[in-house]
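Fold and geometry: a report
Next come the chains, spelled out residue by residue.
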Amino acid sequence: MSLVIDVVDLVSRMVRIPSINPRGRPEPAETPMAEFVADWARAHGMHAELREVRDGRYNVVVTLPGDGPETLLLETHLDTVEVDGMSVPAHEPDVRAGLLYGRGACDAKGPLAVFLAAMADLAAAGPRPYTVVLVGVVDEEHLYRGVVALRGYGLDPVGAIVGEPTSLRLVTAHKGCMRCRITTRGPGGHSSEPWGKTNAIAFAAEVVDHLAGEHAARLDEDVRPLVGPPSLAVTMIEGGSGPNVLPDRAVITIDRRTVAGEDPHEVWAALRAELVRRWPEGLEVAEPHVVDYALQTDPDLPLVREFSGALAAAELDPGVYGVGHGTDASKIALDAVPCVVFGPGSIAQAHMPDEYVPVADLHTARSVLVDVLRRPLSRGGSR
Ligand SMILES: [Zn+2]
């Protein structure tokens, strides 16, 4: 393996390039990162191109051709969350006591640098059983526009490894999500004369009671391996206009975590039907404003077995794990692509004021990746 590439230096150079997700603003926030990745890849013998997603924001696609006809996808994101309130310099990387600090060091410039370094190692010394395509996407931290665009690239990969901090564990499952708002209404009026009138706040309290009680108890029974049962939490509530006014409107927001096999839109429709059946008058369930899918990858697929083998060979935990947060993997898996999530650093350090990645994790993740990328990952029957 080539030792010319210093993966710690590579992460540091990426941390110096701000790529804060602009949320709703039309700003090309990730473009300098995309350009850096493309330049670096070309300088190390790989093919690279930028593909515009929108608003001058580009995914970067790096290709390392292999000997076989198949393609393996490496995917991670170029954007980071905000830097306000950070307790370490956001874009001046610093290595102290074996930890590399800075915004994005862990989520997800560490994983991105590890992918690039592993590909460069492979480029320097074969064999390469299949073509490896790395896509660094925009907008993972907001509306997932980068990965949605990637699904249209026609790559048809035999599998995908999504780079996120997993503490070097192999993650094959995570939950999805559906968030929506529920509005209750009453006629309003003077608070001194509440008799016989629907109080929108009291009405909302009844709905909360039902959701947190009877409804949630039903979800608890559907326990899944690695991720547990689906869940529903009421996360926000607002209502009322004055201390002496009967509230005519209250709004609650729910966060429903889904499991594999649950379509979030169908979950929403079923919830709406249930609530409207129970309260035919004065209640509205708005369309979901956030939807994400669950991931559940079959542990018997070649990608998972070979990855476990590489972890075991490195004397790491070869088990498979589930996590609570979402990743781009579930969007890629919608096209029947077997997906796993893997990377250096812990999700506990992602988005933190003192975000860091352990330097040792970067080296270990790189050598595990090189091992995985040299293993045959034939489709082996059904995908
Ligand atoms: Zn991330």
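Residues numbered from 1 in each chain as written. Predicted model: local features only at pLDDT ≥ 70, side-chain atom pairs only at ≥ 80, totals over all residues. Heavy atoms only, no water.

**With respect to the overall build of the chain**
The test is simple: Starting at the N terminus, helices and strands are each numbered in turn, a helix being any DSSP run of H or I of at least four residues and a strand any DSSP run of E of at least two. Atoms considered for the radius of gyration are the C-alpha atoms alone. The globule rule reads 2.2 Å times the number of residues to the power 0.38. The buried label applies to any residue whose accessible area, calculated with a 1.4 Å probe on protein chains only, is under 20% of its type's maximum; exposed applies above 50%, and partly exposed to all values in between. Throughout, a contact is declared for two residues whenever any of their heavy atoms are within 4.5 Å. Surface exposure here means Shrake-Rupley accessible area, sampled with a 1.4 Å probe, where a residue is shielded only by the protein chains that are shown. When charges are tallied, Lys and Arg are placed among the positive residues and Asp and Glu among the negative ones, while His and the ends of the chain are skipped. By convention, the point assigned to a charge is CZ for Arg, NZ for Lys, CD for Glu and CG for Asp.
Along the backbone of the chain there are nine helices and 19 strands. Relative to the globule expectation of 21 Å for 383 residues, the C-alpha radius of gyration of the chain, 24 Å, shows essentially globular dimensions. With the principal axes as the frame, the chain shows a C-alpha extent of 80 × 45 × 40 Å. Classification of the 383 residues of the chain by burial places 50% in the buried group. Contacts in the chain between residues at least 24 apart in sequence constitute 79% of all its contacts with a sequence separation of at least 6. Here the chain displays about 16000 Å² of accessible surface, and carbon together with sulfur accounts for 52% of that area. Looking at charge distribution, the chain has the averaged site of its 35 positive side-chain charges lying 2 Å from that of its 53 negative ones.

**A look at unusual backbone geometry**
For the peptide bond that leads from Asp107 to Ala108, omega is 5°, which places it in the cis range. Within the fold, Ala108 resides in helix 3 (residues 105-124). For Leu168, which is not glycine, the phi dihedral falls at a positive 65°. On the basis of relative accessible area, Leu168 is assigned to the buried category, the value being 10%.

**Considerations on the UniProt feature "domain: Peptidase M20 dimerisation" (unreviewed entry) in the chain**
How we decide: UniProt positions are given in the numbering used here, feature names are shortened, and annotations may be inferred rather than shown by experiment.
Within this structure's numbering, the places UniProt gives as "domain: Peptidase M20 dimerisation" (unreviewed entry) are residues 172-279. Along residues 172-279 the backbone is 33% helical and 33% strand, and the end-to-end C-alpha distance reaches 39 Å.

**A short note on the packing of helix 7 (residues 302-313) against helix 9 (residues 359-374)**
Formally: Working convention: axes come from line fits to C-alpha atoms, limited for helices to the stretch in contact. Angles between N-to-C directions cover 0 to 180 degrees. Small angles under 35 degrees read as roughly parallel and large ones over 145 as roughly antiparallel, with 65 to 115 read as roughly perpendicular and the rest as oblique. By definition, any crossing whose near helix is turned counterclockwise from its far helix by less than a right angle is left-handed, and any crossing with a clockwise turn is right-handed. Residues are grouped as follows: Ala, Val, Leu, Ile, Met, Phe, Trp, Tyr, Cys and Pro are nonpolar; Asp, Glu, Lys and Arg are charged; every other residue, Gly included, is polar.
It is at 9 Å that the axes of helix 7 and helix 9 come closest, and there the two elements cross at 135°. Accordingly, the angle class assigned to the pair helix 7 and helix 9 is oblique. In the packing of helix 7 onto helix 9, the handedness of the crossing is right-handed. Only Val368, Asp371 and Val372 of helix 9 make contact with helix 7, whose side of the interface consists of Phe307, Ala310, Leu311 and Ala313. For the contact of helix 7 with helix 9, the class distribution of residues is six nonpolar, no polar and one charged.

**Structural notes on the state of the cysteines**
Rules: For the purposes of this analysis, a disulfide is any pair of cysteine sulfur atoms at a distance within 2.5 Å.
For the structure shown, the criterion picks out zero disulfides. Left unpaired, Cys339 is separated from the closest cysteine sulfur, that of Cys177, by 19 Å. Note on Cys339: relative accessible area 0%, which makes it buried.

**Thoughts on the packing of aromatic side chains**
Using the following cut-off: Under the pairing criterion, centres of Phe, Tyr and Trp rings, with the six-membered ring standing for Trp, must be within 6.5 Å; the plane angle then separates stacked pairs below 30 degrees from edge-to-face pairs above 60, leaving the rest tilted.
Scanning the model with the defined rule gives three aromatic pairs in all. With a centroid separation of 6.2 Å and 55° between ring planes, the pair formed by Phe203 and Trp279 is classed as tilted. A residue pair is termed long-range when its members are at least 10 positions apart, and Phe203 in helix 5 (residues 200-220) and Trp279 in the loop between helix 6 (264-278) and strand 14 (283-285) qualify at 76 residues. The pair formed by Phe203 and Trp279 is uniform in burial state, with each residue classed as buried.

**Things to note about the environment of Ser308**
Take Ser308: it is sitting in helix 7. Ignoring sequence-local partners within four residues, the contact set of Ser308 consists of Leu170 and Pro318.

**Digging into the domain arrangement of the chain**
Rules: Throughout the structure description, domain borders are defined by an automatic or database domain assignment. Buried area: the accessible area, evaluated with a 1.4 Å probe, that two parts lose upon being put together, summed over both parts. We define a salt bridge as a contact between a side-chain nitrogen of Lys or Arg and a carboxyl oxygen of Asp or Glu at a distance within 4 Å. Pairing of N or O atoms within 3.5 Å defines a polar contact, subject to two protein rules: one partner must be a possible hydrogen donor and the other a possible acceptor, and residues neighboring in sequence count only if both atoms are side-chain atoms.
We note that the domain assignment places domain 1 (7-174 + 294-374) and domain 2 (176-292) within the chain. One C-alpha centre belongs to domain 1, the other to domain 2; they are set 36 Å apart. Of the roughly 850 Å² buried where domain 1 meets domain 2, counting both sides, 53% is carbon and sulfur surface. When the buried area of domain 1 at its contact with domain 2 is split by residue, Tyr144, Ala294 and Gln296 rank highest and sum to 52% of it. There are one salt bridge connecting domain 1 and domain 2. Linking Lys331 and Asp292 is a salt bridge whose minimum nitrogen-to-oxygen distance equals 2.9 Å. Summed over the shared surface of domain 1 and domain 2, the result is two residue pairs in polar contact (both at pLDDT 80 or more). For the side of domain 1 that touches domain 2, the secondary structure elements donating two or more residues are strand 8 (170-174), strand 17 (320-323) and helix 8 (329-333). It is strand 17 that provides the largest number of residues to the side of domain 1 that touches domain 2, a total of four residues. Across the side of domain 1 that touches domain 2, the residue classes tally to six nonpolar, seven polar and one charged.

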